[in-house]
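# Chains, contacts and geometry: an overview
Each chain, written out:
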Amino acid sequence: MRPAVSEAAARCGSGAEGSAAPAVETVRLMRRFGPLTAVDDLNLLVPAGAIFGLLGPNGAGKSTTIKMLTTLLAPTSGSARVLGFDVARQSVEVRWRIGYIPQLLSADGSLTGYENLLVFAKLYDIRRAERARRIQEALDFMGLADAADTLVRRYSGGMIRRLEIAQSMLHRPAVLFLDEPTVGLDPVARHTVWTHLRDLRRQFGATILMTTHDMEEADQLCEVVAIMHRGRVVALGSPADLKVTLGGGATLDDVFVHYTGTAFEEGARYQDVARDRRTARRLG
Amino acid sequence: MFVFLRQTLAVAEAEVRKLRHDPMELLTRAIQPLLWLVVFGRVFGRLREIPTGQLSYLDFMAPGILAQSVLFIAIFYGISVIWERDLGILHKFLVSPASRVALVSGKALSAGVRAMSQAMIIYAVAALMKIHLRLSVGAVLGVLASIALGAAIFSTFSLAVACVVKTRERFMGIGQVLTMPLFFASNAIYPLAMMPAWLRGLAAANPLTYQVDALRELMIDGGRSLFGLPLDFAVDAIVLVALIGLGARLYPKIIT
Ligand SMILES: Nc1ncnc2c1ncn2[C@@H]1O[C@H](COP(=O)(O)OP(=O)(O)O)[C@@H](O)[C@H]1O
Ligand SMILES: [Mg+2]
């Protein structure tokens, strides 16, 4: 059914091993930066097909976790598997099969939208005929066909995010990692991104693991959330369950405050806040 | 293997496409070497003190200035890598299945292409200045190869430095400190024979020296390479391979 694709591209499709193994599994995963333990003894299990949210205030260790799962950062100790492959020892196997959208803006402003897609299609070794088709499909899917030949530095923040999602789906990743996908976006752009993520999952069956510190986003999008605080998971469950556990018509905000303390900015260093603001400004 | 090549080309293609969107950048970057040629070359050409063999001083220094212009641009290549890291562009490349060697080689290749296009501008001006250029196809191809090799070497070196120092401020400081010694501890604007022994020792360890040596023969009518073209290219090719190995090792460290 699938047209002829390169061996590499075929490998990153819905890998057979992926259906058996959980999308993500970490065992006592830990990462230190000097004296600071950014991720502490983390045990996570993300079932295939889920939209899983990693929640937590600034500095909780969400980005560090994602960087370890996407093979960007080596764990200090413990282990993590993505689709059954160890992120440290089988990093290339992992990389063929995942997509990643960093917290920072990752589309290249000095290229057009089309060129941004083209380069990544080539990096993932998608063959020529298939490439053209997938790029066109991604542009249409994300509503960017008209802007394909515009330099990305002229895009709005919402368009850039959509382009990044388009980039990340070209090779049909089995797991998609998104780090704060809607930070700095206006409400309309945020809702558009949510809709696209839901569609993406429906159409391609990808597992989505995203971080956010926005409760509404978690409530709207995620089936399971893990609340992180100071590098540890302090609560785990569906948004509905977590609210019920707290009782008395609690909102997810209440749950968040309950588990992480009231101070939203607690634990966040100047650097983290500055970075979020910077991202927001660039997007705004 | 072919996957490796395709990925290398994909990285280089991205850079070349950026150049196409901003061709003015190439022009502005050609200004500095042109000043060197026009002002420095003319003035020093009046001195008869510098023993340049049968070449005029202007003919002697033109290859050196070409190599220098390549060096000065390539050595700051690391800045763009740090910039891409700050933006988050680099993260996505590192998460792609392309090997680190392919990512670094692609960058080196694009620096080579960029340098070749700059060389054309310098060539045109050199011709106007009546510098005695060798214009045979073989010679010009040789010049282009030598320039691409030099740009690849110094841009990869720069990338490796960027991965270690990590911030733009520190990198700018180090870049300034590196360029002048690389330039002056070479045969770019005076012959090796003129140097004190210690400087000659440094120059012999400087890849720029071999690049200039090759360019002298390839570019100038009547110019002669001191070490021979095979040795010139072999030394610099080995240096490049070593640097790409080092760069590939350091590349992932830039994001931590
Ligand atoms: N490269 C780094 N070097 C030193 N400390 C870091 C580095 N990256 C993150 N940290 C620290 O680790 C902690 C967790 O950061 P991060 O994972 O970015 O949190 P989050 O994404 O939840 O906001 C923070 O205190 C942060 O300052
Ligand atoms: Mg973060």
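Along every chain, residues carry numbers that run from 1 in the direction the sequence is written. Just so you know, chain letters begin at A and ligand numbers begin at 1, following the order they were written in. Totals for whole chains, interfaces and linings use every residue, but because this is a predicted model, local features are given only for residues with pLDDT of at least 70 and side-chain atom pairs only at 80 or more, for both listing and counting. Side-chain measures were taken over the full set of non-hydrogen atoms in the model, leaving aside hydrogen atoms and water.

This brings us to the overall build of chain A. Secondary structure counts use DSSP, requiring at least four H or I residues in a row for a helix and at least two E residues in a row for a strand, with both numbered from the N terminus. A count of helical and extended segments in chain A gives 12 helices and 10 strands. With a 1.4 Å probe rolled over the protein chains alone, any residue whose accessible area is under 20% of its type maximum counts as buried; one over 50% counts as exposed, and the rest are partly exposed. Counting every position in chain A, which comprises 284 residues, the buried fraction comes to 58%. Whether two residues are in contact is decided by their heavy atoms: any pair within 4.5 Å suffices. Once local pairs closer than 6 in sequence are excluded, the contacts in chain A between residues at least 24 apart make up 70%. Throughout, the Shrake-Rupley method with a 1.4 Å probe supplies accessible areas, and for residues the shown protein chains are the sole cover considered. Just so you have it, chain A exposes about 11500 Å², and 52% of that area is on carbon and sulfur atoms.

Here we come to the coordination of the magnesium ion (ligand 2). All names here are of chain A. Looking at the metal site, the magnesium ion (ligand 2) is ligated by Ser63 (OG) and Gln103 (OE1), spaced 2.1 to 2.3 Å from it. With a gap of 40 residues between them, serine 63 in helix α3 (residues 62-69) and glutamine 103 in the loop between β6 (98-101) and α5 (113-123) connect regions that are remote in the sequence. Here the two residues serine 63 and glutamine 103 agree in accessibility, since each one is buried. For Na, K and Ca the donor cutoff is 3.2 Å, while for all other metals N, O and S atoms must lie within 2.8 Å; water is not among the atoms, so some sites may look incomplete.

Take aspartate 108 of chain A: it is sitting in the loop between β6 and α5. A distance of 2.8 Å separates the side chain of aspartate 108 of chain A from the side chain of lysine 18 of chain B, its partner in a polar contact. Setting aside residues no more than four positions away along its own chain, aspartate 108 of chain A makes contact with Asn116 and Val152 of chain A together with Lys18, Glu84 and Ile89 of chain B. N or O atoms within 3.5 Å of each other form a polar contact, as long as, within protein, one can give a hydrogen and the other can take it, and as long as residues adjacent in sequence are counted only when both atoms are side-chain atoms.

Another aspect to go through is the site of ligand 1. Contacts to ligand 1 come from 15 residues, most closely from Gly59, Gly61, Lys62, Ser63 and Thr64 of chain A. If even one non-hydrogen atom of a residue comes within 4 Å of a molecule or strand, that residue is called near it. In this structure, ligand 1 is bordered by residues of chains A and B. Between ligand 1 and the protein, one listed contact pairs an oxygen atom with a backbone N or O atom of glycine 61 of chain A at 3.0 Å. Measuring from an oxygen atom of ligand 1, one finds a backbone N or O atom of lysine 62 of chain A at 2.9 Å. Contact with the protein chains hides 85% of the accessible area of ligand 1, taken as 560 Å² for the molecule alone. Those elements giving two or more residues to the shell around ligand 1 turn out to be β2 (36-46), α3 and α12 (270-283) of chain A.

A separate point is the packing of aromatic side chains. Planes of paired rings set the category: under 30 degrees apart is stacked, over 60 is edge-to-face and the rest tilted, where pairs are Phe, Tyr or Trp rings (Trp by its six-membered ring) whose centres lie within 6.5 Å. Under the defined criterion, the tally for this structure stands at 7 aromatic pairs over all chains. When the ring of phenylalanine 120 of chain A is compared with that of phenylalanine 93 of chain B, the centres are 4.9 Å apart and the planes differ by 55°; the resulting orientation is tilted. Of this pair, phenylalanine 120 of chain A sits in helix α5 while phenylalanine 93 of chain B sits in helix α5 (residues 89-95), which puts the two residues in different chains. The residues phenylalanine 120 of chain A and phenylalanine 93 of chain B share a single accessibility class, namely buried.

All names here are of chain A. For two strands to be treated as a pair, DSSP must find no fewer than two bridges joining them. If you walk across this open sheet you meet the 6 strands as β6-β7-β8-β3-β9-β10, and the pairing is mixed. At either end of the open sheet lies a strand with only one pairing partner, and these are β6 and β10 (232-237). Direction aside, the axes of adjacent strands within the sheet are offset by 15° on average. Across 4 bridges, β6 lies against strand β7 (residues 175-179) in parallel orientation. Residue pairing across strands places tyrosine 100 opposite phenylalanine 177, the latter belonging to β7. Orientation is described by axes fitted as lines to C-alpha atoms, over the contacting stretch for helices, and by angles from 0 to 180 degrees between their N-to-C directions. Against the sheet, helix α10 (residues 239-246) makes contact with β9 (224-229) and β10, and its axis sits at roughly 95° relative to β10, the strand it touches most.

Mapped onto the fold, alanine 174 of chain A is located in the loop between α7 (157-169) and β7. In sequence terms alanine 174 of chain A and isoleucine 98 of chain A are 76 residues apart; their C-alpha atoms lie 5.9 Å from each other.

Our focus in this paragraph is a nonpolar patch on the surface. Among the surface-exposed residues, Ile31, Leu35, Val38, Val39, Val43, Phe44 and Leu47 of chain B lie close enough to one another that they form a single nonpolar patch of about 590 Å² accessible area. In this fold, valine 38 of chain B is placed in helix α2 (residues 24-46). Patch membership requires over 30% relative accessible area and the absence of a salt bridge. Like charges are linked within 9 Å, and nonpolar side chains (Val, Leu, Ile, Met, Phe, Trp, Tyr) within 5 Å. Salt bridges are counted wherever a side-chain nitrogen of Lys or Arg sits within 4 Å of a carboxyl oxygen of Asp or Glu.

Attention shifts here to the confidence of the model for chain B. Residues and elements named next belong to chain B. Mean pLDDT over chain B works out to 91, with 99% of the residues at or above the 70 mark. The predictor attaches a confidence to each residue, and that confidence, scored 0 to 100, is pLDDT. Between the elements of chain B, mean pLDDT differs from a low of 78, seen in α2, to a high of 98, seen in helix α11 (residues 229-250). Note on the complex model: pTM 0.89, ipTM 0.90.

Moving on, we come to the interface of chain B and chain A. Facing the 28 residues of chain B at the interface are 31 residues of chain A. Together, the buried faces of chain B and chain A total about 2700 Å²; carbon and sulfur atoms form 64% of this surface. Taken as a group, Lys92, Val95 and Pro97 of chain B account for 27% of the area that chain B buries against chain A, more than any other trio of residues on that side. If you look at where chain B meets chain A, you find 4 salt bridges. Two residues, glutamate 13 of chain B and lysine 122 of chain A, come together in a salt bridge whose shortest N-O distance is 2.5 Å. Run the count over chain B and chain A and you get 10 residue pairs in polar contact (both at pLDDT 80 or more). For the side of chain B that touches chain A, the elements supplying multiple residues, two or more each, are α1 (2-21), α4 (77-87), α5 and α6 (100-128) of chain B. In terms of residue count, the dominant contributor to the side of chain B that touches chain A is α1 of chain B (10 residues). When two parts are brought into contact, each loses some accessible area as probed by a 1.4 Å sphere; the total of that loss over both is the buried area.

Packed helices, taken two at a time, are described by their axes: the angle between them and the distance between them. Residue and element names in this part refer to chain A. Between α10 and helix α11 (residues 252-260), the least distance of the axes is 9 Å, while the angle of their chain directions is 70°. When the interaxial angle is binned, α10 and α11 end up roughly perpendicular. The two elements α10 and α11 cross, and the hand of that crossing is left-handed. Residue-level inspection shows Pro239, Leu242, Lys243 and Leu246 of α10 in contact with α11, the latter providing Leu252, Asp254, Val255 and His258. Throughout, the ten residues Ala, Val, Leu, Ile, Met, Phe, Trp, Tyr, Cys and Pro are labelled nonpolar, Asp, Glu, Lys and Arg are labelled charged, and all others, Gly among them, are labelled polar. Looking at the contact of α10 with α11 residue by residue, the classes come out as 5 nonpolar, 1 polar and 2 charged. These descriptions rest on fixed angle ranges, namely under 35 degrees for roughly parallel, over 145 for roughly antiparallel, 65 to 115 for roughly perpendicular, and the rest for oblique. In this scheme, a crossing is called left-handed if the near helix is turned counterclockwise away from the far one by less than a right angle; it is called right-handed if the turn is clockwise.

What follows deals with the sheet that holds strand β5 (residues 85-86) of chain A. Residues and elements named next belong to chain A. Pairing in this open sheet of 4 strands is antiparallel, and the strands run β2-β1-β4-β5 from one edge to the other. Looking at strand neighbours, the two that pair on one side only are β2 and β5, the edges of this open sheet. Where strand β1 (residues 24-33) meets β2, 7 bridges bridge the pair, whose relative direction is antiparallel. Bridge pairing links valine 24 to valine 46 in β2. Together, β1, β2 and β4 (77-82) form the strand contacts of α3, whose direction differs from that of β1 by roughly 120°.

In this section: the pattern of salt bridges. Side chains that carry opposite charge are capable of pairing whenever their charged atoms lie near each other. Overall, the coordinates contain 26 salt bridges over all chains when judged by the stated rule. With its nearest N and O atoms 2.5 Å apart, the salt bridge here joins arginine 172 of chain A to glutamate 137 of chain A. Of the two residues, arginine 172 of chain A sits in the loop between α7 and β7 while glutamate 137 of chain A sits in helix α6 (residues 128-141), which places them 35 residues apart along the sequence. Residue class for arginine 172 of chain A comes out buried when judged on its relative accessible area of 13%. The closest approach of N and O atoms between arginine 161 of chain A and glutamate 164 of chain A, which form a salt bridge, is 2.6 Å. Taken together, the positions of arginine 161 of chain A and glutamate 164 of chain A, both in helix α7 and 3 residues apart, correspond to about one turn of that helix. For arginine 161 of chain A, a relative accessible area of 1% gives the class buried. You can call glutamate 164 of chain A buried: its relative accessible area is 0%. A cluster of three or more residues bridged by salt bridges with shared partners is formed by Asp108 of chain A together with Glu15, Lys18, Glu84 and Lys107 of chain B.

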